Amino acid sequence: MLDPKFVKDDQDFAAVKKRLETRGPFGPLLDEFREVTLKEREKLRELEEFRARKNRLSDLFAKEKQAGREAGHFITESREVGGRIDDLSKEIEEIAGRWKELNLSIPNVPHESVPVGKSSEDNRVERLVGKSPEFSFEPEAHWDIGTRLGILDFERAAKIAGTRFAVCFGAGARLERALIDFMLDIHTKERGFKEVIPPFIANADSLRSTGNLPKFAEDLFKLEGYEWYLIPTAEVPLTNLYRNEVLEESILPQRFVAYTPCFRSEAGSYGKDVRGLTRLHQFNKVELMIFSAPGSSFEELEGMTQGAEEVLKRLDLAYRVVSLCTADLGFASSKTYDLEVWMPSRKNFVEISSCSDCTDFQARRANIRFRREAKSKPEFVHTLNGSGLAVGRTLSALLENYQQADGSVMIPGALRPYMDGLERIRPG
């Protein structure tokens, strides 16, 4: 949700409109938003004038009656004014409803450092880290490796739930659990994030706060008969920890990390990444969340991204950091870095983390504010979120990058303490 103050000034409005149009055709939406905002303010002023007039008529009526003079004409005029007040109140209610619809449909304004572009082709690679492995054989895809080793089973998962689900067995399940613990240890013990176990179900207000509703309703799994949804990411419950609260600046930044399962319908993605662990309806993720004062949020974004990178570095996986261009940004994001890991079977990089600064966009929806001093006016915080990392995609990257000529998969040294010293997953 944007700060509506920008519609007051022609220059501010033009600047916001120009920047938002780099995301897509949002100009007409912004024009209507400005028109509705100004119209609502005009009607509210008119309403206040009529209410004041009605109060004056009431006072005049009382004075005339007390003086024993005829005052019936004040009653007649007061009724007419009262009717106009009722009509204005209904108009304002309709205008306010449209204002809310429009504001919930407008994405965040891209930060000035975000590259302008029309598609993902215009994203900017910031850095390449690590070296991709070289094989003396044709590398297999992770779904073939996992199936052959007996640690991944997509057919039995389909029998239980349908397509785009997976069952992990034995060392596969153990490896996924090891990854979760490994990631949590880095973020909590080394980077100072506080671990949280939030609800895995969220109400509609929580999803509106993050920007998932109303725009992305089709991507969610709604519980029949309830205003509850399975969370698409821990960003949803973590962002809403402080909904409708005013924080003290002294506690900022607040940094949280949570492991949760995530549930997504993947509407509109059919035909893409349908095999393996890349795009499942249910998957595990370690999520990072920061509540920051406005002046330091982009510095926090750099630190959050480095924390996600640290996981990949410790696992010795080649990756790259990409700045998303304006057209490729998520709805609530003002600036995003994607981390993309090397996948040998594709001979390409695949997204494994997305770290975003949402500035005050989500905080306005969730009404999360802070005070710089005891008597100062509350301001909106900035919210940031990022994957630290997507666990299933990390597992798939390990299977592909650490596959061996004899069909086994090596366990990276950093994970062996979490696997009771296991060095290799072997066939059979």
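Up top is the structure.
Description of the structure in this document.

## Some words on the overall build of the protein chain
A count of helices and strands for the protein chain gives eleven helices and 18 strands. In terms of overall dimensions, the protein chain has a C-alpha envelope of 110 × 45 × 40 Å along the principal axes. Here the protein chain holds 428 residues, and 49% of them are scored as buried. Across the protein chain, contacts joining residues at least 24 apart in sequence account for 73% of those joining residues at least 6 apart. Charged side chains in the protein chain number 63 positive and 69 negative. The centres of these two groups are separated by 1 Å.

## Quick word on the packing of aromatic side chains
Counted by the stated rule, this structure contains twelve aromatic pairs. On the basis of an interplanar angle of 75° and a centroid distance of 5.0 Å, the ring pair of Tyr 242 and Phe 291 is categorised as edge-to-face. In this pair, Tyr 242 is assigned in the loop between helix H8 (235-239) and strand S8 (246-248) and Phe 291 in strand S10 (residues 282-292), connecting sequence segments 49 residues apart. Phe 291 sits in the buried class, given a relative accessible area of 0%. Note on Phe 256 and Phe 291: the rings are 6.2 Å apart at their centroids and 80° apart in plane angle, and the pair reads as edge-to-face. Residue Phe 256 is found in strand S9 (residues 254-263), and its partner Phe 291 is found in strand S10; the two are separated by 35 residues along the sequence. Considered together, Phe 256 and Phe 291 belong to a single accessibility category, that of buried residues. A network of ring pairs unites the aromatic residues Phe 6, Phe 13, Phe 33 and Trp 99 as a single cluster. Over the ring of Phe 13 we find Arg 34, and its NZ or CZ is 4.5 Å from the ring centre. In this structure, Lys 222 packs its charged tip against the face of Tyr 229, placed 5.8 Å from the ring centre.

## Quick notes on the packing of helix H6 (residues 170-190) against helix H11 (residues 391-401)
Between H6 and H11, the shortest axis-to-axis distance is 10 Å and the interhelical angle comes to 115°. In the crossing of H6 with H11, the sense of the turn from one axis to the other is right-handed. In contact with Gly 172, Leu 175, Glu 176, Leu 179, Ile 180 and Met 183 of H6, H11 contributes Val 391, Gly 392, Thr 394, Leu 395 and Leu 398.

## Section: the sheet that holds strand S1 (residues 124-129)
The eight strands lie next to each other as S1-S11-S12-S13-S16-S10-S9-S4, forming an open sheet whose pairing is mixed. Every interior strand has two partners, whereas the edge strands, S1 and strand S4 (194-195), have only one. With three bridges joining them, strand S13 (residues 348-357) and strand S16 (residues 382-390) adopt antiparallel strand pairing. Following the sheet pairing, Asp 357 is matched in S16 by Leu 384. The strands touched by H6 within the sheet are S4, S9, S10 and S16, with S10 carrying the most contacts at an inclination of about 5°. Contacts from helix H9 (residues 297-314) reach S1, S9, S10, strand S11 (319-323), strand S12 (335-343), S13 and S16 within the one sheet, and its direction differs from that of S16 by about 5°.

## Re the pairing of S10
Counting buried residues in S10 gives ten out of eleven residues, a clear majority hidden from the surface. Here S10 pairs with S16 via seven bridges, running antiparallel. Among the inter-strand pairings, Ile 290 is bridged to a residue of S16, identified as Leu 384.

Here is what the cut-offs are and how they apply
Residues numbered from 1 in each chain as written. Predicted model: local features only at pLDDT ≥ 70, side-chain atom pairs only at ≥ 80, totals over all residues. Heavy atoms only, no water. Helix = DSSP H or I, 4+ residues; strand = E, 2+ residues; numbered from the N terminus. Buried < 20%, exposed > 50% of the residue type's maximum accessible area, 1.4 Å probe, protein only. Contact = heavy atoms within 4.5 Å. Lys, Arg positive; Asp, Glu negative; His and termini not counted. Charge placed at Lys NZ, Arg CZ, Asp CG, Glu CD. Phe/Tyr/Trp six-rings, centres within 6.5 Å; stacked < 30°, edge-to-face > 60°. Lys NZ or Arg CZ within 6 Å of the ring centre and 35° of its normal. Axes fitted to C-alpha atoms, helices over the stretch in contact; angles between N-to-C directions. Left-handed = near helix turned anticlockwise from the far one by under 90°. Pairing = 2+ DSSP bridges.

So far we have only geometry, and geometry alone does not tell us how the molecule works.
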